[in-house]
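Residue strings, one per chain:
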Amino acid sequence: MKYDAIIIGGGHNGLVTAAYLAKAGKKVLVLERREVLGGCCVTEEVWPGFKVSTAAYVNSLLRPEIIKDLELKKHGFEMLPRSPSSFSPFPDGRYLMMGPDKEMTHREISKFSKKDAENLPKYEAMLERVASIIEPLLDQTPPDPWGGLLSRDTTRLIQLAMKVRSLGPAGAEAAEVLTGAAWPILDRWFESEQLKVTLATDAVIGVQASPTMPGTAYVLFHHVMGECNGVRGVWGYVRGGMGGISNAIAAAAQQAGAEIRTRSEVSKILTKEGKVTGVALSDGTEFQAPVVASGVDCHLTFKKFLDPKILPEDFQAAIDQIDYSSATLKINVALEELPNFTALPGTGPGPQHRGTVHICPSFDYLEQAYDDAKYGRPSKSPILECTMASAVDDTLTPAGKHLMSMFIQYAPYKLREGTWDDIKEQFADRCFDILNEYAPNFKKSVIARQIITPLDLERTYGLTGGNIFQGAMSLHKMFFLRPAAGYANYRTPIKGLYLCGAAAHPGGGSWGPVDEMPPEKFSRIKSAKDFSPPPWQRVSTRIAILCSN
Ligand SMILES: Cc1cc2nc3c(=O)[nH]c(=O)nc-3n(C[C@H](O)[C@H](O)[C@H](O)COP(=O)(O)OP(=O)(O)OC[C@H]3O[C@@H](n4cnc5c(N)ncnc54)[C@H](O)[C@@H]3O)c2cc1C
């Protein structure tokens, strides 16, 4: 069967790509290995009546342009803002609640340090300054510093340099945020350990690193970007679960004519004389197309689906440089009732249940949790980030029941002893014991649990090494270096083969960036004349996000 373009993987980025291409009048086929669409951005009914966001659980990064262009609200997409956004209970019975209400946040931080309460808005303004430079880049194809001198890349690089210049002395702050470690920055701005550890947990989300390690400041920064219903820096739940994003995008794609097939595992990308010709499924079925956009990671795309030998050696070396280490484990829990925190009692949905509950009482706790992972052991006392979307969204559970998502670190993919299949129940029990110390009704309120180990992230979601971002977002694999120098424009050494998932710029997260694509690039898929507005065609950057992204 022949198509204009085939998309490998029905993650939200692949779906964005499909939707834009179908809107451009292309005959598009999406092939998804699982029985459900959405990849990591998915809702699954794990237990009857419980709609679980099994992987990703909060959103702020999905680009507003995509919501608008694809009319996602018409297709059922709805954001539910969270306020407060975080609740950190501490062993001494105190707690810290934050955001987005500025007065409440000021009051709360003042309980620990008046100076920190005054400093937080200044710290946020600093991040805003950096964001004003970085955020626009997320929607663009990264310029290629190794491109021609008179190219559009050079113009973009000059524009970028001018913006950095406009920061003046604040440029050094920006450089630290983009390349440095999170803890020294937090330590300079704030004195209260309670505030610092609450902020620091966002710096290690999805990475096997401690906040004292270079590169973690960017992860922290990554988590302050985005928006919810037009309000900057606010994370929210998606009504009905994260699948509400993917399902709305899929509906838009299908409305525009895209064909979507689930239970269709791609095993091979077909090529002839350095050009892509289609894909083959593991059952042997073949589909032809002059354009294939891969929404899976580089390991699968270039080392499993292709014979790496057909790729230039320097490109292979760059792909081998990608770090797939991970230390994330997720437990989804069905609950009879919400946790009754000793620090702020109550089981009716209260402010302590609406945002992310951070269990990470001190800097030493955080570092020791990482120390274990360093030696291939799951943390003895892991960091827990718990969210209960059902406290805000009553469509997720049977009446009166609740759901908790526990995002846990560190759980290294590579264990020095044993396997995750052997130790996962014991590790989950440990996590439950820890939460129970803060909310003594927790364990007896559990109806069921689903443990997703790093190995399951690989087996079920196709994430090599269990890395939640399709490859670490380290400095040497960001922006014009993601996934490889000279190939950050979503193209690959194989003509007609593009990357459209988190493996490409801007990386992991529910982004779905879009970019403007020149017609000559788009002409690879024949004519773009039905796509407006000319001359720059709006298509998802991953041809064409991750190309959603
Ligand atoms: C546990 C976890 C929690 C996260 N939490 C958040 C969060 O709260 N907020 C946030 O913004 N981001 C979060 N992320 C990151 C974010 O979800 C991902 O970066 C993003 O969803 C990636 O989207 P994608 O479309 O690029 O790729 P994916 O979602 O990885 O989609 C790839 C798709 O390809 C399919 N596939 C794999 N192999 C094949 C094959 N051989 N043939 C056909 N199809 C195949 C997969 O089944 C999948 O559907 C989280 C990720 C994880 C794993």
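Residues numbered from 1 in each chain as written. Predicted model: local features only at pLDDT ≥ 70, side-chain atom pairs only at ≥ 80, totals over all residues.

S.K.: Explain the overall build of the protein to me, using residue names and the numbers behind them.
M.R.: A count of helices and strands for the protein gives 17 helices and 23 strands. Computed over C-alpha atoms, the radius of gyration of the protein comes to 23 Å, within 12% of the 24 Å expected from 2.2 N^0.38 for 549 residues, which places it in the range of a compact globule. In terms of overall dimensions, the protein has a C-alpha envelope of 65 × 55 × 45 Å along the principal axes. Expressed as a percentage of its 549 residues, the buried residues of the protein come to 52%. (Helix = DSSP H or I, 4+ residues; strand = E, 2+ residues; numbered from the N terminus. Rg over C-alpha atoms; globule rule 2.2 N^0.38 Å. Buried ≥ 20, exposed ≤ 12 C-beta atoms within 10 Å, placed from the backbone.)

S.K.: Can you explain the pairing of strand S12 (residues 266-272)? Please cite residues and give values.
M.R.: Judged from the six bridges that link them, S12 and strand S13 (residues 275-281) form a sheet pairing that is antiparallel. Within the sheet, the bridge partner assigned to lysine 272 lies in S13 and is lysine 275. (Pairing = 2+ DSSP bridges.)

S.K.: I'd like a description of the sheet that holds strand S14 (residues 286-288), backed by residues and values.
M.R.: With antiparallel pairing, the three strands of this open sheet are ordered in space as S12-S13-S14. This sheet does not close on itself; its edge strands, each paired only once, are S12 and S14. Direction aside, neighbouring strands of the sheet carry axes that sit 25° apart on average. (Axes fitted to C-alpha atoms, helices over the stretch in contact; angles between N-to-C directions.)

S.K.: I'd love a proper account of the sheet that holds strand S15 (residues 291-294), names of residues and values included.
M.R.: Read from one edge to the other, the open sheet built from five strands follows the order S11-S2-S1-S15-S21, with strand pairing classed as parallel. Only two strands of the sheet have a single neighbouring strand rather than two, namely strand S11 (259-261) and strand S21 (497-499). When strand polarity is set aside, the average angle formed by the axes of neighbouring strands in this sheet is 20°. Here four bridges tie strand S1 (residues 5-8) to strand S2 (residues 28-31), and the two strands are oriented parallel to one another. Paired with isoleucine 6 across the strands is leucine 29, a residue of S2. Of the strands in this sheet, S1, S2 and S15 are in contact with helix H1 (residues 12-23), which crosses S2 at around 170°. (Contact = placed C-beta atoms within 7 Å.)

S.K.: Explain the site of the ligand residue by residue, including any values.
M.R.: Within the structure, the ligand sits among 40 residues, and Gly9, Gly11, Gly39, Ala56 and Gly462 are positioned closest to it. Taken together, the elements giving at least two residues each to the shell around the ligand come down to H1, strand S16 (328-335) and helix H16 (454-461). In terms of residues, the shell around the ligand owes the most to one element, H1, which gives three residues. Residue composition of the shell around the ligand, grouped by class: 18 nonpolar, 17 polar and five charged. Looking at the shell around the ligand, you find at least three residues from each of domain 1 (5-43 + 61-79 + 240-322 + 470-540) and domain 3 (328-466). (Near = placed C-beta within 6 Å. Nonpolar A, V, L, I, M, F, W, Y, C, P; charged D, E, K, R; others polar. Domains from an automatic or database assignment.)

S.K.: Just give me the short version of helix H8 (residues 193-200), but keep the residues and values in it.
M.R.: Among the eight residues that make up H8, seven are buried, leaving the element largely enclosed by the rest of the structure. Where H8 is concerned, the buried positions are Gln194, Leu195, Lys196, Val197, Thr198, Leu199 and Ala200.

S.K.: Break down the environment of leucine 338 for me, citing the residues and quoting the values.
M.R.: Within the fold, leucine 338 resides in the loop between S16 and helix H13 (351-354). Taking the C-alpha atoms as reference points, leucine 338 and isoleucine 494, separated by 156 residues in sequence, lie 52 Å from one another. Apart from residues no more than four positions distant in its own chain, leucine 338 is found in contact with Thr347, Pro349, His353, Met388, Ala391 and His402.

S.K.: Give me unusual backbone geometry: which residues, what numbers.
M.R.: The amide bond that connects glycine 99 to the next residue, proline 100, takes the cis arrangement and shows omega of -15°. Within the element layout of this structure, proline 100 appears in the loop between strand S7 (95-98) and helix H3 (102-110). The residue after histidine 505, namely proline 506, is reached through a cis peptide bond having omega 5°. Relative to the helices and strands, proline 506 resides in the loop between S21 and strand S22 (514-517). Positive phi, normally seen in glycine, also occurs at glutamate 273, with a value near 50°. Looking at the secondary structure, you find glutamate 273 in the loop between S12 and S13. The phi angle at glutamine 470 is positive, at roughly 55°, despite the residue not being glycine. Within the element layout of this structure, glutamine 470 appears in the loop between H16 and S21.

S.K.: Break down the packing of helix H4 (residues 114-138) against helix H6 (residues 170-179) for me, citing the residues and quoting the values.
M.R.: Packing of H4 against H6 leaves a shortest axis separation of 10 Å and a crossing angle of 80°. One finds that H4 runs roughly perpendicular with respect to H6. Of H6, the residues touching H4 (which contributes Met126, Arg129, Val130 and Ile133) are Ala170, Glu173, Ala174 and Val177. Broken down by class, the residue content of the contact of H4 with H6 amounts to six nonpolar, no polar and two charged. (Parallel < 35°, antiparallel > 145°, perpendicular 65-115°, else oblique.)

S.K.: With reference to specific residues and values, describe helix H15 (residues 420-438).
M.R.: The end-to-end C-alpha distance of H15 is 26 Å, a good match for the 27 Å that 19 residues give at a rise of 1.5 Å each. Against strand S6 (86-89), S16, strand S17 (356-359), strand S18 (383-387), strand S19 (402-409) and H16 lie the buried residues of H15. (Expected span 1.5 Å × (residues − 1).)

S.K.: Quick rundown of the nonpolar core? Include the residues and the values.
M.R.: Ranked by internal contacts, the top residues of the largest apolar core, which has 156 residues, are Ile6, Ala19 and Ile249. Non-local contacts of isoleucine 249, meaning those with residues more than four positions away in its chain, are made with His12, Leu15, Val16, Ala19, Leu70 and Leu72. (Core = buried A, V, L, I, M, F, W, Y, C linked by C-beta atoms within 7 Å.)

S.K.: Give me the lowdown on the domain arrangement of the protein, citing residues and values where you can.
M.R.: The assigned domain composition of the protein is domain 1 (5-43 + 61-79 + 240-322 + 470-540), domain 2 (98-233) and domain 3 (328-466). A C-alpha centroid distance of 31 Å is found between domain 1 and domain 3. Each side of the interface is counted separately: domain 1 has 10 residues, and domain 3 has six residues. Split by residue class, the side of domain 1 that touches domain 3 holds three nonpolar, five polar and two charged.

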